Amino acid sequence: MMRMGIFAAAGAMLLATACSGGGDTAVLVKSCVDEGTPKKDCECFIGEMKKNLDKDLYRSIVLDSQGKKEEAEKIRSDLSMEKQFSAIGVMMAAANKCNVNPLGMDS
């Protein structure tokens, strides 16, 4: 169902390390939609992430989705492990609320 770039970026960030305006949100929604998730579900999911993630963590995910890996990594490296791992709960809650499968598996 959903194999979106945001989760690839977020997953890489979480494994490797154990906001902005509407344009940034649009980048993430497009990535989500491009992977086959309905637009309304993507908008809900990204909106929840933007609202509930640490603003720097959200920005790093946006930068990853734009191919700005070094800039994104710099932001993440300045965040505490607690903030970095908080993304898991936020993303799972957003996925549940918005009917999105964050693990890229068919239901």
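An account of the accompanying structure is given in this report. What you see is a predicted model, and the numbers here were worked out from it, not measured in a lab. Each chain has its residues counted from 1, following the order in which its sequence is written. Local features in a predicted model are, by the rule used here, given only for residues with pLDDT of at least 70; side-chain atom pairs are given and counted only at 80 or more, and totals for whole chains, interfaces and linings are based on all residues. Based on all heavy atoms of the structure, the side-chain values leave hydrogens and waters out of the count.

1. Things to note about the nonpolar core
Here, nonpolar core means buried Ala, Val, Leu, Ile, Met, Phe, Trp, Tyr and Cys residues that are tied together by side-chain atoms lying within 4.5 Å of each other. Accessibility here uses a 1.4 Å probe with only protein chains present; expressed as a share of the type maximum, an area under 20% marks a residue as buried, one over 50% as exposed, and anything in between as partly exposed. Counting residues in each nonpolar core, the largest one holds 20 residues, and the members touching the most others are F45, M49 and L53. Going along the chain from the N terminus, every DSSP run of H or I of four or more residues is numbered as a helix, and every run of E of two or more is numbered as a strand. Taken together, the elements giving at least two residues each to this core come down to α2 (22-34), α3 (39-52), α4 (55-65) and α6 (81-98). At 6 residues, α6 tops the list of elements feeding residues into this core. Should any heavy atoms of two residues lie within 4.5 Å, those residues are counted as being in contact. The residues contacting L53, other than those within four sequence positions of it, are E48, Y58, I61, A87, V90 and M91.

2. Focus on a nonpolar patch on the surface
In this scheme, patches are assembled from residues that exceed 30% relative accessible area and form no salt bridge. Like charges are connected within 9 Å, while nonpolar side chains (Val, Leu, Ile, Met, Phe, Trp, Tyr) are connected within 5 Å. Here, Shrake-Rupley sampling with a 1.4 Å probe gives the accessible areas, and only protein chains in the shown set may cover a residue. Note on definitions: salt bridges are taken to be side-chain nitrogens of Lys or Arg within 4 Å of carboxyl oxygens of Asp or Glu. Taken together, the side chains of M81, F85, I88 and M92 present a nonpolar region at the surface, about 330 Å² in accessible area. Structurally, F85 can be placed in helix α6. You can call F85 partly exposed: its relative accessible area is 31%.

3. A word on the packing of α3 against α6
The axes used here are C-alpha line fits, helices contributing only the stretch in contact, and every angle between their N-to-C directions lies in the interval 0 to 180 degrees. Interaxial distance between α3 and α6 falls to 9 Å at its minimum, and their mutual angle equals 150 degrees. Where α3 crosses over α6, the two elements pack in a sense that is right-handed. In this structure, α3 uses D41, C44, F45, E48, M49, K51 and N52 to contact α6, whose residues at the interface are V90, M91, A94, A95, K97 and C98. Taken together, the residues that form the contact of α3 with α6 break down as 8 nonpolar, 1 polar and 4 charged. Crossing handedness: left-handed means the near helix sits turned counterclockwise from the far one by under a right angle, and right-handed means the same turn made clockwise. Under the scheme applied here, ten amino acids are nonpolar (Ala, Val, Leu, Ile, Met, Phe, Trp, Tyr, Cys and Pro), four are charged (Asp, Glu, Lys and Arg), and all others, including Gly, are polar.

4. Focus: the state of the cysteines
We call a pair of cysteine sulfur atoms a disulfide when they lie within 2.5 Å. Enumeration according to the criterion identifies 2 disulfides in this entry. Between the sulfur atoms of C32 and its disulfide partner C42 the distance amounts to 2.0 Å. Residues C32 and C42 share a disulfide whose torsion about the S-S bond is about -80 degrees; that sign makes it left-handed. Linking C32 in helix α2 with C42 in helix α3, this pair joins segments that are 10 residues apart in sequence. Exposure class is identical for C32 and C42. Each is buried.

The values reported here are purely geometric and, on their own, carry no functional implication.
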